[in-house]
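# Structural overview
Given next are the chains, with one letter for each unit.
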Amino acid sequence: MAKVPVQFTLNGSEKAEFVESGTTLLNALRDKIGDTSPKGGCHQGTCGACSVIIDGELRLSCLTLAETCGGADIRTTAGLAEGGVLHPLQRAFLDAFATQCGFCTPGMIMAAKVLLDRTPNPSREDVVEALSGNICRCTGYEPIIQAVLLAARANSQNAA
Amino acid sequence: MAIRRGRGIAAINYPTGMNLGGDPTQALVHSTPTGNFMVTLSSVDLGQGMKQIMAQICAETIGVPTDRVVIDTADTDTGPHCMGTFASRGTHRAGNAVIQAAKEARQVMLEVAAEELEVNASDLETDGQGNIQVKGAPQKSISIFDVALSAHFKRGRSISGRGMFLIPRSYPEKETGAMKPSTCYAHACTVAEVEVDDETGEVTVLTVKNVFEIGRALNPKMVEQQLVGGSWMGISHALSETTEPYYPNRDHGGTDFNQYLMPGPGDLAETEIIVLERPSADGPFGAKGPGEMCANPQIPAVANAVFDAVGVRIDTLPITPERILRALKAQAAG
Ligand code: FES
Ligand code: FES
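Residues numbered from 1 in each chain as written. Chains lettered and ligands numbered in written order. Predicted model: local features only at pLDDT ≥ 70, side-chain atom pairs only at ≥ 80, totals over all residues. Heavy atoms only, no water.

In this complex, chain A contributes 22 residues to the contact, which on the side of chain B involves 22 residues. When chain A packs against chain B, the two sides together hide about 1600 Å² of surface, and 60% of this comes from carbon and sulfur. Sorting the residues of chain A by area buried against chain B places A:Phe97, A:Gln100 and A:Arg137 first, and these three jointly supply 42% of that buried surface. On inspection of chain A and its partner chain B, the count reaches one salt bridge. The partner of B:Glu241 in a salt bridge is A:Arg137, and the shortest N-O contact between them spans 2.7 Å. At the surface where chain A touches chain B, the tally comes to five residue pairs in polar contact (both at pLDDT 80 or more). Looking at the side of chain A that touches chain B, the elements with two or more residues in it are helix 4 (124–131) and helix 5 (142–159) of chain A. Grouping the amino acids of the side of chain A that touches chain B by side-chain chemistry returns twelve nonpolar, seven polar and three charged. (Contact = heavy atoms within 4.5 Å. Buried area = accessible area lost by both parts, 1.4 Å probe. Salt bridge = Lys/Arg side-chain N within 4 Å of Asp/Glu carboxyl O. Polar contact = N/O pair within 3.5 Å; in protein donor to acceptor, adjacent residues only side chain to side chain. Helix = DSSP H or I, 4+ residues; strand = E, 2+ residues; numbered from the N terminus. Nonpolar A, V, L, I, M, F, W, Y, C, P; charged D, E, K, R; others polar.)

Have a look at this one:
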């Protein structure tokens, strides 16, 4: 199969790769570029583990072809910490004991980030809605919901 | 046709591990030249917190801060033998093995310190901060860092220890068939409140109140985390999860995990967790196994609550709307 060039920004830095036509963004990120923070759970759009942010929108990287991402601004959980300081969502997931195996965590954090970027003070219902496309086997969800609410509170305190 | 409420209760005894063929776990502990301690295990951390708990157990036994312990569970081919992390056995079996290995390593560490301080090893104690001191004379002390350097570069000793914990195989008595499948049991009780729609057969779990008796909680926050997730999983088993098709024809069955249903974040019951700590006789620092145990009592509690609500006994899992409606139909037909 023919290789196609693709160029995009990943967590602020330019990436250029040749990928086989039809390669998913998930596989391009993990196998070509080496960002393994998006996880491949189902590879068919139902678990949310592969969630990334493309041009500000929450996207499933397993259903996105890499070749359609030319010029895009792509964000993953691996790019959240700044200068070794965890992002408030990462901090909150730790403090709320919201991860066990951690497989769902990067996808959950991506979904939560898009929520908080748009709705800085979400209700519990907002959080549930935002996480409803992401499956977790371990936590029973409640600690994750609490972590997102905790991060929102921490953000609003910092802003105040 | 109406929404009917019901309440169900269930209590369980749950064995910590099993010993149908003998149940061993081994651990090795050694110090690095800088006085950190490596614990080598084949017991895998798959999210249940094995590494943290083993680090706590090793640190407590040797007498150093937990962050001085590194857990290596890299390879089940080359590591010390472990039967595996299942049947709620990880903390209990591996924890006991780590205690034995850490005790042996501690003894060597104290012997080296004794030579450096020119005292008897039996007169020494650890301060828990990374130092070894003479009992009653804490000004006479040496850091574990220096003890490790001395062992490695001066005295040619390996500060290390071997640990083995084995629950031997239990054979049934010929006459009675009685045997001892486990040496240690955790306990739990759950009260579930449900609403059952007797028109659609749909069950909504309103509240689950759980009490878990798990021996000593070695890390209370992580225990709570297990129990919250386990309680959810119990409800998931009761009402949703199956690899069999919901409908009789196999063609309608799930073909992958996309069709393996579980409650999502919008379907959570109000959940309460209470922990009772009754230290076990043979567990590490009194621990039992809370892992798999905690997802069990919700299942019979939900089944009992469904019976209380609509008067039908569902004895096949999961308790699907279809099963409830068929049972109601059979009941109406008398
Ligand atoms: S891997 Fe993309 S949704 Fe599951
Ligand atoms: S923490 Fe294991 S899947 Fe969510």
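All names here are of chain B. Domains assigned within chain B are domain 1 (3–16 + 182–333) and domain 2 (23–167). The gap between the C-alpha centroids of domain 1 and domain 2 is 39 Å. Facing 19 residues of domain 1, the contacting portion of domain 2 comprises 21 residues. When the two sides are added together, the surface that domain 1 and domain 2 hide from each other amounts to roughly 1400 Å², 62% of it contributed by carbon and sulfur. Of all residues in domain 1, the largest losses of buried area upon contact with domain 2 belong to Thr 16, Pro 284 and Phe 285, amounting jointly to 36% of the total for that side. Taken together, domain 1 and domain 2 are joined by zero salt bridges. Linking domain 1 with domain 2 are eight residue pairs in polar contact (both at pLDDT 80 or more), by the criterion used here. Elements that contribute at least two residues to the side of domain 1 that touches domain 2 include exactly strand 1 (3–15) and helix 4 (220–239). Its residues placed into classes, the side of domain 1 that touches domain 2 shows ten nonpolar, seven polar and two charged. (Domains from an automatic or database assignment.)

On to the sheet that holds strand 8 (residues 160–167) of chain B, then. Pairing between sheet strands relies on hydrogen bonds along the backbone, with the strands arranged either parallel or antiparallel. All names here are of chain B. Spatial strand order, 4-3-2-8: four strands in an open sheet with mixed pairing. Two strands in the sheet have a free side with no partner beyond their single neighbour: strand 4 (69–72) and strand 8. With direction set aside, neighbouring strand axes in the sheet form an average angle of 20°. Sheet topology places strand 2 (residues 23–31) next to strand 3 (residues 37–40); four bridges connect them, and they run antiparallel. Bridging from a neighbouring strand, Ser 31 pairs with Phe 37 of strand 3. Across the sheet, helix 2 (residues 90–117) is in contact with strand 2, strand 3 and strand 8; its angle to strand 8 comes to roughly 150°. (Pairing = 2+ DSSP bridges. Axes fitted to C-alpha atoms, helices over the stretch in contact; angles between N-to-C directions.)

Residues and elements named next belong to chain B. Note on placement: Thr 61 falls in helix 1 (residues 50–62). Measuring from C-alpha to C-alpha, the distance between Thr 61 and Ser 43 comes to 19 Å, with 18 residues separating the pair along the chain. What Thr 61 contacts, discounting residues up to four positions off in sequence, is Ile 99, Ala 102, Lys 103, Arg 106 and Phe 285.

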